[in-house]
Amino acid sequence: MAKLGVNIDHVATLRQARQGTEPDPVWAAVEAELGGADLITVHLREDRRHIQDRDVELLRQSVQVPLNLEMAALKEMVAIARRVKPAMATLVPEKRTEVTTEGGLDVAANNRAISTVVRRLSDMGITCSAFIDADLRQVHAAQQAGFTICELHTGPYALATAGPARDKEFERVRAAGEEILNSGMQLNAGHGLNYTNVQTIARLPHLSELHIGHAIVSRSLFIGLREAVARMKIAMSGVG
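A quick note: this is a predicted structure, and the numbers were derived from the prediction, not measured. (Residues numbered from 1 in each chain as written. Predicted model: local features only at pLDDT ≥ 70, side-chain atom pairs only at ≥ 80, totals over all residues. Heavy atoms only, no water.)

1. Some details on the overall build of the chain
Looking only at helices and strands, one finds eleven helices and eight strands in the chain. Taking 2.2 N^0.38 as the reference for a compact globule, 240 residues should give roughly 18 Å; the C-alpha atoms of the chain span a radius of gyration of 17 Å, in line with that estimate. Its C-alpha atoms give the chain principal-axis dimensions of roughly 45 × 45 × 30 Å. Within the chain, the proportion of its 240 residues that are buried is 50%. Taking contacts inside the chain between residues at least 6 apart in sequence as the whole, the part at least 24 apart equals 67%. Element-wise, carbon and sulfur atoms account for 51% of the exposed surface of the chain, whose accessible area totals about 11,300 Å². (Helix = DSSP H or I, 4+ residues; strand = E, 2+ residues; numbered from the N terminus. Rg over C-alpha atoms; globule rule 2.2 N^0.38 Å. Buried < 20%, exposed > 50% of the residue type's maximum accessible area, 1.4 Å probe, protein only. Contact = heavy atoms within 4.5 Å. Areas by Shrake-Rupley, 256 points an atom, 1.4 Å probe, with all protein chains shown as cover.)

2. Remarks on the nonpolar core
By size, the foremost hydrophobic cluster in this structure holds 73 residues, and its most contacted members are Leu121, Phe147, Leu210, Ile216 and Met232. Among residues more than four places away in sequence, those in contact with Leu121 are Met71, Val78, Ala81, Arg82, Ala89, Leu91, Ile126 and Cys128. (Core = buried A, V, L, I, M, F, W, Y, C linked by side-chain atoms within 4.5 Å.)

3. Points about the packing of aromatic side chains
How two aromatic rings sit relative to each other is given by the distance of their centres and the angle of their planes. All chains considered together, the criterion is met by one aromatic pair. Across the ring face of Tyr195, the terminal group of Arg219 is positioned such that the distance to the ring centre comes to 3.9 Å. (Phe/Tyr/Trp six-rings, centres within 6.5 Å; stacked < 30°, edge-to-face > 60°. Lys NZ or Arg CZ within 6 Å of the ring centre and 35° of its normal.)

Now the structure itself:
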């Protein structure tokens, strides 16, 4: 079964609503690990709307599973990643006006600049992942840029109405995933997945990791984060 990376950004979103100290994303990471999280994911945004620099530093020191840092391909973020040295850096597009990430990174249009970022991170021993749309052109560009992992944006699949529309989006994800594997890269996926739609994506051949946040943090309000993570792993497996 694919590993589960738990994104804890929205624990920090709740904290920042009062600009206080709780709930603490570091504590959330502990609870997620106890629930079976295989990785912890955080997105350090340029506007610092949720995760803060100190969170990243403390998480790097405390988590027992790999830390995946989502980040824009910006000089400031590259410097932070090179200092903190997370196990993995996932390059994502970023707009201040968006509520959440709206699409995949356009590696094809910015290959030279992104290649430089990948090289600077890889030189520090950081594994580089590209968060891309299910587009063969972007898959090929990611390979050329030096990425070893592609995380497919599953948002269009998750938002599609069950039936032909969702089947079409799933086929796009499946075909792109096959091309990622054929290109010698690791296949990951994430965005918009929840307890009812995750199983189909989790069954993709040779899928390595799923990165899920909002659905897990939302469920945790009612049953606790540890249990919410455990139930997502059950949903991924199709058991129960």
